[in-house]
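Structural overview
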Amino acid sequence: MGHNARCGRCGNAAPADLRSQDAADWNVQWRQGRPVGVICPGCQTPADSAEAEANAAELRVAAEEGGRFVADPVICVTGTLADPGAVLYGEDHLRRVLTTGQAEELGLIEHLPPGTRCTPAVGGVLIHPPQPTA
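Now for a look at the structure at hand. Note that the structure is predicted; figures quoted are calculated from it, not measured.

Observations concerning the pattern of salt bridges
The tally for this structure, following the rule as stated, stands at two salt bridges. A salt bridge links Arg9 to Asp48; the shortest N-O distance between them is 2.5 Å. Of this pair, Arg9 sits in the segment before β1 (27-31) while Asp48 sits in helix α1 (residues 46-64), placing them 39 residues apart in sequence. Arg9 gets classed as partly exposed once you look at its relative accessible area, which sits at 43%. Residue Asp48 is classed as buried on the basis of its relative accessible area, which comes to 13%.

Let's talk about the environment of Thr100
With respect to the helices, strands and loops of the structure, Thr100 is situated in helix α2 (residues 91-100). In this structure Thr100 comes out as partly exposed when scored by relative accessible area, which is 46%. Here the alpha-carbon distance between Thr100 and Ala50, two residues 50 residues apart in the chain, equals 35 Å. Polar contacts involving the side chain of Thr100 include one to the main-chain carbonyl oxygen of Arg96, which spans 2.8 Å. Engagement of the side chain of Thr100 in a polar contact is seen with the backbone nitrogen of Gln102, the distance being 3.1 Å.

A closer look at the pairing of strand β4 (residues 74-78)
Here β4 lies mainly inside the structure; five of its five residues are buried. Across the two faces of β4 the burial is the same, with Val74, Cys76 and Thr78 and Ile75 and Val77 all buried. When β4 meets strand β5 (residues 87-89), the two strands line up antiparallel, connected through two bridges. Paired with Cys76 across the two strands is Tyr89, which belongs to β5.

Cut-offs used in this document
- Residues numbered from 1 in each chain as written.
- Predicted model: local features only at pLDDT ≥ 70, side-chain atom pairs only at ≥ 80, totals over all residues.
- Heavy atoms only, no water.
- Salt bridge = Lys/Arg side-chain N within 4 Å of Asp/Glu carboxyl O.
- Helix = DSSP H or I, 4+ residues; strand = E, 2+ residues; numbered from the N terminus.
- Buried < 20%, exposed > 50% of the residue type's maximum accessible area, 1.4 Å probe, protein only.
- Polar contact = N/O pair within 3.5 Å; in protein donor to acceptor, adjacent residues only side chain to side chain.
- Pairing = 2+ DSSP bridges.

As structure tokens, then:
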């Protein structure tokens, strides 16, 4: 899928595939769980680079601890269809749909077991399943 993304600072065109190795050093700017722009390697400040490294480290640690990352917009809920349980993450996405009247392409992660924790991360959520007791 093509795009017309350009660096928000200098206007350089981003690589065609933002998941490719060519795009590895580009930073995505996020606001309220949504990508709003990109910054090319030449325009990144040391603070931009440090933030990207911190975000990558957070994702690595979560994965090592059994967590998984899901990109926004997504809603995570516990329970079953008969007893839906609680919304663990994504209330802001639901609120935005209700407020604007515009449906988003929301992802839904359902049937998460009780005790699951969801923590916001840049661009999504980290889902931490309950840890088995010894």
